[in-house]
Amino acid sequence: MSFFRPEIEAMQGYTPGEQPQAGKFIKLNTNENPYPPSPAVPLAIQTAAQTLVRYPDPVGTAFRQRAAEVLGVEPDWILCGNGSDDILTIVTRAFVGPGQSIRLPYPSYILYRTLAQLQGARWQEIPFQPDWSLPAAFTEGTDELKLVFLPNPNSPTGTVLSPEEVLAIAERLPCPLVVDEAYVDFAEQSCIDLVKENEKILVSRTLSKSYALAGLRFGFLVAQPHLIAELIKVKDSYNCDALSLAAATAAIDDQAWLQANVEKVKASRKRLLQGVRRLGFTAPDSQANFVWCVHEKPVKPLYEQLKASRILVRYMNYPDWGEGLRISVGDDGQIDACLSLLETLLK
Ligand code: PMP
């Protein structure tokens, strides 16, 4: 006899990228930032540590105010989350019931599928076209379709759809479209302004990548206030703790630090792209902090040999689509170490 719902027993569970706890690795597998966060962050945490006897602000008022100024919206357009994974969980729980459907592009972030499974919902994966656009099937409405996820820039490919394309998709859909902008600070354009134009567009962001705060667990959603008000009913009462709220507020306040960090990553991304292409990989132009690398030779042995030499990249194999290595943009030294080992392995 099992105590579990059949959906839970049937599912595999999401497997996060490896986080080795011992030994020293060059870690290019989970799109972390190679540079530290703003120095204002540890100071804010120290101050907030004095307040832990109290529960945190349930909605993160200070963060919402500061983020609203930075993003050009009002504070009630923002929902704080314990990482953007928490945001994605909240929207799925709010919009999608058992037997209903979510839609996502293929390949993309594997967690969306897991979230559907947890709800006892179905999922439809619509493959990207060779030019990285999405076919008309992505916008076809059905009665069961309740939520569409669109990572933009996409993972694992780093490719983007323009705001015009995203708006056109939203206009044709019968349900909310979550534009997952986890990597948008490394891109040329954002869809954040579309939230004002169309209530179906919700934009999710994270501090894990561009703000160099993956360990903090902080993300947020930008959507029209009537939607945010409903979503607040779905979240855990205190989904963000006092330390992360204080740290996130300090981080978003330091836009100069963010910009300097992003510029360094973008310069290194160019170096990585040129390097892997020189080694015979096919890699699309990336607007994220990683590069998707496909080779005519099988890449799993490359991943394994890199790992044996303490360089971690992400090996991904998408059934009916293909396999590749997703290499995060580290600093130039890390990239050069990775490229020179790949060069030796490919000889
Ligand atoms: N969206 C995408 C597309 C991602 O790749 C990730 C990182 N795994 C996330 C969301 C979640 O990031 P976090 O929970 O750290 O904010």
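Residues numbered from 1 in each chain as written. Predicted model: local features only at pLDDT ≥ 70, side-chain atom pairs only at ≥ 80, totals over all residues. Heavy atoms only, no water.

- Labelled according to an unreviewed UniProt entry, the chain appears under the name Histidinol-phosphate aminotransferase, originating from Lignipirellula cremea.
- Recorded in UniProt for the chain, the comment headed Pathway (unreviewed entry) runs: "Amino-acid biosynthesis; L-histidine biosynthesis; L-histidine from 5-phospho-alpha-D-ribose 1-diphosphate: step 7/9."
- The chain has a UniProt comment under Catalytic activity (unreviewed entry) that states "L-histidinol phosphate + 2-oxoglutarate = 3-(imidazol-4-yl)-2-oxopropyl phosphate + L-glutamate". (UniProt positions renumbered as here; feature names shortened; annotations may be inferred.)

**Here's the deal with helix α6 (residues 163-172)**
- Every buried residue of α6 is accounted for by P163, V166, L167, I169 and A170. Buried positions in α6, seen along its axis, are confined to an arc of 160 degrees and lie on one side of it. Residues of α6 that are exposed and point over 90 degrees away from its buried face: E164, E171 and R172.
- Residues of α6 that are buried make contact with β5 (145-151), β6 (177-180), α7 (194-197) and β7 (201-206). (Buried < 20%, exposed > 50% of the residue type's maximum accessible area, 1.4 Å probe, protein only. Helix = DSSP H or I, 4+ residues; strand = E, 2+ residues; numbered from the N terminus. Arc of directions from axis to C-beta. Contact = heavy atoms within 4.5 Å.)

**What about the nonpolar core?**
- F218, F281, L325 and I327 are the most contacted members of the largest nonpolar core, which totals 78 residues.
- Among the domains, domain 1 (15-30 + 256-345) and domain 2 (40-254) are the pair contributing at least three residues each to this core.
- Sequence-distant contacts of I327, defined by excluding residues within four places in its chain, comprise L28, L272, V276, F290, V291, C293, V313, C338 and L342.
- Judged by nonpolar contacts, the second largest core, of 24 residues, contains I102, A116, L147 and L202. (Core = buried A, V, L, I, M, F, W, Y, C linked by side-chain atoms within 4.5 Å. Domains from an automatic or database assignment.)

**A short note on the environment of E7**
- Relative to the helices and strands, E7 resides in helix α1 (residues 6-10).
- Separated by 111 residues in the primary sequence, E7 and L118 have C-alpha atoms spaced 6.7 Å apart.
- When residues no more than four places from it in sequence are discounted, the contact partners of E7 are Q117 and G120.

**Comments concerning the domain arrangement of the chain**
- Per the domain assignment, the segments making up the chain are domain 1 (15-30 + 256-345) and domain 2 (40-254).
- Taken together, the 22 residues of domain 1 in the interface contact 23 residues of domain 2.
- Both faces considered, domain 1 and domain 2 share a buried interface measuring about 2,000 Å² in area, 60% of it formed by carbon and sulfur atoms.
- At the boundary of domain 1 with domain 2, the tally comes to nine residue pairs in polar contact (both at pLDDT 80 or more).
- When residues of the side of domain 1 that touches domain 2 are assigned to their parent elements, the largest contribution, eight residues, is made by helix α10 (residues 255-278).
- Here the side of domain 1 that touches domain 2 is built from residues that sort into 13 nonpolar, five polar and four charged. (Buried area = accessible area lost by both parts, 1.4 Å probe. Polar contact = N/O pair within 3.5 Å; in protein donor to acceptor, adjacent residues only side chain to side chain. Nonpolar A, V, L, I, M, F, W, Y, C, P; charged D, E, K, R; others polar.)

**Considering the UniProt feature "modified residue: N6-(pyridoxal phosphate)lysine" (unreviewed entry) in the chain**
- UniProt tags K209 as "modified residue: N6-(pyridoxal phosphate)lysine" (unreviewed entry).
- Along the chain, the position of K209 falls in the loop between β7 and β8 (219-222).
- Apart from residues lying up to four places away in sequence, K209 is in contact with T30, N31, N33, A182, Y183, F186 and N289.

**Thoughts on empty space enclosed by the protein**
- Tallied over the full model, the rule gives three cavities of 30 Å³ or more.
- Approximately 40 Å³ is the volume found for the largest cavity.
- When residues in the lining of the largest cavity are grouped by element, the largest group, three residues, is from α10.
- Of the residues belonging to the lining of the largest cavity, the class tally is five nonpolar, three polar and one charged.
- When residues of the lining of the largest cavity are assigned to domains, at least three map to each of domain 1 (15-30 + 256-345) and domain 2 (40-254). (1 Å grid on protein atoms, 1.4 Å probe; cavity = no way out; pocket = protein on both sides within 12 Å on 5 of 7 lines; lining within 4 Å. Points joined across faces, edges and corners; volume = space filled by probe spheres on them.)

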